[in-house]
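# Architecture and fold: a report
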There are 2 protein chains.
Amino acid sequence: MNKEMNAEIISVGSELLLGQIADTNAQWISQQLAHLGINVYFHHTVGDNYSRLKDVMKLANNRSNLVFVTGGLGPTEDDLTREAGADVLNQQLETNQQVLAKIQTFFELRDIPMTENNQKQALVLKEGEVFPNNEGMAPGMFVEFNQTGWIFLPGVPREMKSIFLESIVPFMREYYPVNEQIVSRVLKFIGIGESILEDRIFDLMEAQTNPTIAPLAGEGEVTLRLTAKAKTNEEALTAISSLQEQLMMRIGDYYYGKDDESLQQKILEILKENSYTLASAESLTGGRFIDQFISVPGASAVIAGSVVSYQTQAKENVLHIPKSLIEEKGTVSEQCAREMAEQVQKQMQSVISISFTGNAGPNASEGKPVGSVYIGLKIGNQDTVVKAFQFSGSRENIRNRTVKKGMELLFNTLKDVLQK
Amino acid sequence: MNKEMNAEIISVGSELLLGQIADTNAQWISQQLAHLGINVYFHHTVGDNYSRLKDVMKLANNRSNLVFVTGGLGPTEDDLTREAGADVLNQQLETNQQVLAKIQTFFELRDIPMTENNQKQALVLKEGEVFPNNEGMAPGMFVEFNQTGWIFLPGVPREMKSIFLESIVPFMREYYPVNEQIVSRVLKFIGIGESILEDRIFDLMEAQTNPTIAPLAGEGEVTLRLTAKAKTNEEALTAISSLQEQLMMRIGDYYYGKDDESLQQKILEILKENSYTLASAESLTGGRFIDQFISVPGASAVIAGSVVSYQTQAKENVLHIPKSLIEEKGTVSEQCAREMAEQVQKQMQSVISISFTGNAGPNASEGKPVGSVYIGLKIGNQDTVVKAFQFSGSRENIRNRTVKKGMELLFNTLKDVLQK
C-alpha cells in the first residue's frame, strides 16, 4: 500500500481525562511512526464510556486511514475497547484459544483462581490478526475496515511497547511500506548556552530544509535533532553526516555524543581507555553524581565509589576534614571542597576525585545564599581545582544542575588533559 | 450557570504529533478541572494545520460546552489558533493596546527590534475577555459562542499554568460555579502485594459508589485513591475519612502515608522524633538509597551520609571489609552485607545503618545470578539482620526494587522497634 498514510492515535481511559496519568503512549507511538515515515494528524483521548468511545472510533474511521487504539483491553467492566471496536468495525468477537490457554496457565502457576473477567481478555476480533503479548495478557490486534487499518494495543506502556516493537513494526514495514525513509540523529552539546549555540549556526538552521535542524530543550545542555528524508536509509544518513560535519566545524568543541549516548557513558569510555579510576565526595548532591555512573553497566571497571558526607560530623568522621577548617571557613567553601576532593582520593585511592559542597536550600546557611556551590576536581598529583557556582531554582533544580556541572567539568578537564 | 459541564481540552502543536514532547498541559488542566468539579470528556491534539484545527474546533463546539485550547498563540507563521478561533467562533480579532505595549516594552528593554510577527501576539478576540500573561507575551482569552465557553491559553507550560492559576480559576469559580465539590485522597501502602490487598478490601471496592476506591499502579508499593463528591468540601472530607477508617481496620498495618507524602519523608519523621541518625553502605544501589532521603529538605538533622563502596577495592580501603572475607564469601553475600552495615555504622557513628550488596546485572557474577541482593540493617547495638532477595528485570529495575525494599525494611523495623 503506497498511498499517503495519515494516522491517528486514540487513547482510551478515564484516568487520562482525570489527569491522573500522562498520555505517554500517544507520544511514544508518535515517535515510532515518525521513524517509520508515517504522518500522525490527531491524538484523541476518550474515557471508559461506550457511547463516546464509539463516536471517537467512528470519527477516526472517517478521517484517518490508520488508527492506533491503546487501552481498554483489560479484564474489568470498564474495559470496552473490544466491544466498541467490534461494533464500529462490524466485526465479531471470538475466543482465541492460544491466548486463553496462556491466561489460564498464568493463574495456575500462581495458584489463583481465574475469574470470568479474565476470560474476556482472550476475545479477539474474528477477522483480524492477533499479536502476542509477552509482557501481559491482552493480545494486540489488527483489522482492516473500509480501507482504514486499525491496530489495538494494551494501555499498560510496558506491554504496549513490547507488542509494538516485536510485532507491529515488522507488520507495518510489510503492510504499509513507505516511499521514503525518515532518519533522525540527535547531537548533544555541553558547556555552551542555547542562545549562543543557535547564534553560531543560525544560518544553517534557516537554510536547511532537508535535513532540518531542530533544537530540543535540555537541562544544562543543548541538543539538536537532524532529520533527513530520502529514498533510502543510506542517502538519508549521508545527508545527515554531511550536515553534522558543517555543524562540528562551528560548535564541535562542545559536542559530547549522539542519540542515546549519555555524558556519563562518554566519560566512562574515556576513563576506561586510560585506566583512570574515579571517586566522589558528595554533600549536597547526596550520591546522585556517582549514581549517574553506576547506572551504566560496566562502571565497576573505573568507578571506585563515593563518600556521601552529608552531615558535618560525617565530613569530620569519615573524610577527616579538620574541625578547625570547618569552623573557620564553613562546609560551603572552596577550602572544604578542596579538602573533600583530596581526602576521598586518598581513601578510595582513585586517580581522579571530584567533590561537591554547597547549599541546595530551601534556607540560606553559613551566610551563603541558596544555590552556592563549590566543585573540586583533582587529577592525579595535580593541584585540586575548585570552582564556585551560583545556581537558582528549587532544591531539586540546584542539585541536578550541580551534578550536570560536575560532569561537564570532568568531561572538559579530561579532554584537556588528554590533548596535552 | 449550573448545568452539567462537559469539558474538552484541545492541544495544538505539530511537535506533539511527532512525539517530540509529551502533552503535559492536557494532563495538568484535567487535574485542575477535576478539583473544580468539572468533567473532562475528551482530549484532542491537532497539528499546526489551519484546516484540521478548524475541524477540531467545530467538533468541540458541537459536543462540549466548555473548551480549553492550548498552543498556537506564538508569533510564528505556524501559530494559527487565534485565526482559527476567530473563524470558527465568528469573532473578529483586534489589537489589544495593553498587550501590545507590554510586548513593545519587552523588546525595548532588551534593545532588540520587534518584528511584525510579535505584533500578532497582541491580537485578541474582540468580544472576549483577556487574561494577562505574566510569564510571557500571548494573553489568555475567554469567549462564549453558541452556549459553549472557550478558553485559549499559551502552549508553554509555565505560561499556561500561570494564567490558569491567576486568572482562570477565579474566573471559573464565578462564571461556572459547581454544585458539588470533588475531593480525592491517595492512601499509600507498602509491604503487601496489590492482589492480596485488593482481596482484603474487595467488598468495599465493589460496594463503594461515593467515595469510590481506585487502585493505582505503583512500583513495589500499592496506592488507593479515594474520591468523594458532596455539596461542601467538609462533607466530602468527612466521607473520605470515614471510609479510610474502614480501610485502616483491614490493611492499616501496611499504611505509610497519604497524598504527596513519600516513604522517605515518613521515615525521616520517625528518625527525627527519636533522634536516630542513619547511614548507608551501598554497592549496587550506588548512592540512590541515601539520595532519596537527601532529596527531602531538613534531612541533615538525621542523615549522616553514605559510603558508596562500589569497587571491591573500595570495600577494603574505605569500609575495611577484610580481604579474607571477600575471598571466601564474595561481595554478594550475607557476610559482606553484615560487615558493610557494621563498618559504616562505626565510621559514620550513626544510630542506624543499612547496607546493600548484590548483582544488578546485566551479567551473573561470583556464581550468583543477576538480581541476587543482600540488605543488612543494624539498629544501635542489636545484631545486624541481613535479608536475601532475588529481584528480576533490568539493571534499573533491580536497583530501584532494592532501594524500595531497603526503605520498606527500614520503615517496618522502625515501627516494630518503637512499638516495644
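Residues numbered from 1 in each chain as written. Chains lettered and ligands numbered in written order. Predicted model: local features only at pLDDT ≥ 70, side-chain atom pairs only at ≥ 80, totals over all residues. Heavy atoms only, no water.

## A look at the overall build of chain A
Each helix and strand in chain A was counted, giving 16 helices and 17 strands. Radius of gyration (C-alpha) of chain A: 27 Å, far over the 22 Å computed for a compact globule of 420 residues. Projected onto its principal axes, the C-alpha coordinates of chain A cover approximately 80 × 60 × 40 Å. Out of the 420 residues in chain A, the part that is buried amounts to 55%. Of the contacts made within chain A by residues no fewer than 6 positions apart, 68% connect residues no fewer than 24 positions apart. Summing over all exposed atoms, chain A offers an accessible surface of approximately 18200 Å²; the carbon and sulfur share of this is 46%. (Helix = DSSP H or I, 4+ residues; strand = E, 2+ residues; numbered from the N terminus. Rg over C-alpha atoms; globule rule 2.2 N^0.38 Å. Buried < 20%, exposed > 50% of the residue type's maximum accessible area, 1.4 Å probe, protein only. Contact = heavy atoms within 4.5 Å. Areas by Shrake-Rupley, 256 points an atom, 1.4 Å probe, with all protein chains shown as cover.)

## Here's the deal with the environment of Val370(A)
Residue and element names in this part refer to chain A. Checked against the element boundaries, valine 370 lands in the loop between strand E15 (352-358) and strand E16 (372-379). Sequence separation of valine 370 and glycine 358 is twelve residues, and the distance between their C-alpha atoms is 8.3 Å. Setting aside anything within four residues of it in sequence, one finds valine 370 in contact with Asn359, Ala360, Gly361, Pro362, Asn363, Ala364, Gln390, Phe391 and Ile398.

## With respect to the confidence of the model for chain A
Confidence in the prediction for chain A averages 93 pLDDT; 98% of positions are at 70 or higher. Across the interface, the model reports ipTM at 0.78; the global pTM reads 0.79. (pLDDT = per-residue confidence, 0-100.)

## A word on the packing of aromatic side chains
In this description, a pair of aromatic rings is defined by centroid distance and the angle of the planes. All chains considered together, the criterion is met by 28 aromatic pairs over all chains. With a centroid separation of 4.7 Å and 45 degrees between ring planes, the pair formed by Phe289(A) and Phe356(A) is classed as tilted. Of the two residues, Phe289(A) sits in helix H12 (residues 288-294) while Phe356(A) sits in strand E15, which places them 67 residues apart along the sequence. For the pair shown, Phe289(A) and Phe356(A) are each scored as buried. Centre to centre, the rings of Phe389(B) and Phe391(B) are 5.6 Å apart; their planes meet at 5 degrees, and the pair counts as stacked. Judged by relative accessible area, Phe389(B) falls into the buried class, the value being 17%. (Phe/Tyr/Trp six-rings, centres within 6.5 Å; stacked < 30°, edge-to-face > 60°.)

## Focus: the sheet that holds strand E7 (residues 140-145) of chain A
The twelve strands are arranged E6(A)-E7(A)-E8(A)-E3(A)-E1(A)-E2(A)-E2(B)-E1(B)-E3(B)-E8(B)-E7(B)-E6(B) in an open sheet whose pairing can be described as mixed. Looking along the sheet, the strands with just one partner apiece sit at the ends: strand E6 (129-131) of chain A together with strand E6 (129-131) of chain B. Sheet twist, expressed as the average angle between the axes of neighbouring strands with direction ignored, equals 15 degrees. The pairing of strand E1 (residues 6-12) of chain A with strand E3 (residues 66-70) of chain A spans five bridges and is parallel. (Pairing = 2+ DSSP bridges. Axes fitted to C-alpha atoms, helices over the stretch in contact; angles between N-to-C directions.)

## Some remarks on the interface of chain A and chain B
Of the residues lining the interface, 60 residues belong to chain A; the matching set on chain B comes to 60 residues. Taking both partners together, chain A and chain B bury about 4600 Å²; carbon and sulfur atoms supply 53% of that area. Interface area lost by chain A to chain B is led by Leu17(A), Ile294(A) and Gln311(A), which between them contribute 13%. Viewed at the interface, chain B and chain A are joined by four salt bridges. With its nearest N and O atoms 2.9 Å apart, the salt bridge here joins Arg288(A) to Asp291(B). (Buried area = accessible area lost by both parts, 1.4 Å probe. Salt bridge = Lys/Arg side-chain N within 4 Å of Asp/Glu carboxyl O.)

## Section: helix H10 (residues 233-251) of chain B
Residue and element names in this part refer to chain B. Helix length check: H10 (19 residues) gives 26 Å between terminal C-alpha atoms against 27 Å at 1.5 Å per residue, within 8%. Every buried residue of H10 is listed here: Ala236, Ile240, Leu243, Gln244, Leu247 and Ile251. Buried residues of H10, viewed axially, fall in a sector of 110 degrees; they line one side. Exposed residues pointing more than 90 degrees away from the buried face of H10 are listed as Glu234, Thr238, Glu245 and Met249. (Expected span 1.5 Å × (residues − 1). Arc of directions from axis to C-beta.)

## A look at the pairing of E3(A)
All names here are of chain A. Of all five residues that make up E3, five are buried, and the element is covered over most of its length. Here E3 shows a buried face lined by Leu66, Phe68 and Thr70 and a second buried face lined by Val67 and Val69. Taken together, the five bridges between E3 and strand E8 (residues 148-153) define a ladder with parallel strand orientation. When the sheet's bridge partners are listed, valine 69 is paired in E8 with phenylalanine 152.

## With respect to the side chain of Asn133(B)
Residues and elements named next belong to chain B. Topologically, asparagine 133 is positioned in the loop between E6 and strand E7 (140-145). One polar contact links the side chain of asparagine 133 to the main-chain amide nitrogen of glutamate 135, over a distance of 2.9 Å. Polar contacts involving the side chain of asparagine 133 include one to the main-chain amide nitrogen of glycine 136, which spans 2.8 Å. Not counting residues up to four positions away in its chain, the partners in contact with asparagine 133 are Lys102, Ala138, Pro139, Pro154, Glu159 and Ile163. (Polar contact = N/O pair within 3.5 Å; in protein donor to acceptor, adjacent residues only side chain to side chain.)

## Some remarks on the relation of the copies chain A and chain B
The operation linking the two copies of the chain is a rotation about an axis combined with a translation along the axis. Under the fitted operation, chain A is carried onto chain B by 1.2 Å of movement along the axis and a turn of 180 degrees, and the coordinates agree to an RMSD of 1.5 Å. What the superposition gives is, in effect, a two-fold axis relating one chain to the other. (Least-squares fit on C-alpha atoms with pLDDT ≥ 70 in both.)

## So, the environment of Glu334(A)
Residues and elements named next belong to chain A. Its place among the elements puts glutamate 334 in helix H15 (residues 334-348). Taking the C-alpha atoms as reference, glutamate 334 lies 7.8 Å from glycine 376; in sequence the two are 42 residues apart. Excluding residues that lie within four positions of it along the chain, glutamate 334 makes contacts with Tyr374 and Val386.

## As for the domain arrangement of chain A
Looking at chain A, the domain boundaries give domain 1 (6-175), domain 2 (181-258) and domain 3 (263-419). Of note, the centres of domain 1 of chain A and domain 2 of chain A, computed from C-alpha atoms alone, are 36 Å apart. (Domains from an automatic or database assignment.)

## Observations regarding the pattern of salt bridges
Two side chains carrying opposite charge are able to pair once their charged atoms lie near each other. For the coordinates displayed, the defined rule picks out 32 salt bridges over all chains. When the shortest N-O distance is used, the salt bridge between Lys54(A) and Asp87(A) registers 3.6 Å. Here the residue Lys54(A) occupies a position in helix H3 (residues 50-63), and Asp87(A) occupies one in helix H4 (residues 81-88), the gap between them amounting to 33 residues. Classification of Lys54(A) by relative accessible area gives buried; the value is 18%. Overall, Asp87(A) belongs to the partly exposed group, its relative accessible area being 39%. A salt bridge links Glu83(B) to Lys120(B), with the nearest nitrogen and oxygen atoms 3.5 Å apart. With a gap of 37 residues between them, Glu83(B) in helix H4 (residues 81-88) and Lys120(B) in the loop between helix H6 (116-119) and strand E5 (123-125) connect regions that are remote in the sequence. Owing to a relative accessible area of 16%, Lys120(B) belongs among the buried residues under this scheme. Look at the salt bridges and you will find they share partners, linking Lys258(A), Glu261(A), Lys266(A) and Glu269(A) into a network.

## Comments concerning the pairing of strand E17 (residues 385-390) of chain A
Residues and elements named next belong to chain A. Here E16 pairs with E17 via six bridges, running antiparallel. Among the inter-strand pairings, leucine 377 is bridged to a residue of E17, identified as valine 385. Once E16 ends, the chain turns through five residues before running back antiparallel as E17, passing glycine 380 with a positive phi of about 55 degrees.

## Things to note about the sheet that holds strand E12 (residues 255-258) of chain B
Note: strands within a sheet are paired through backbone hydrogen bonds, in either parallel or antiparallel orientation. Residues and elements named next belong to chain B. Read across the sheet, four strands follow the order E10-E11-E9-E12 without closing on themselves; strand pairing throughout is antiparallel. Among the strands making up the open sheet, the edge pair consists of strand E10 (212-216) and E12. When the angles between neighbouring strand axes are averaged without regard to direction, this sheet yields 25 degrees. Pairing of strand E9 (residues 181-189) with strand E11 (residues 222-230) involves nine bridges; the strand directions are antiparallel. Along E11, the bridge assignment pairs glutamine 181 with alanine 230.

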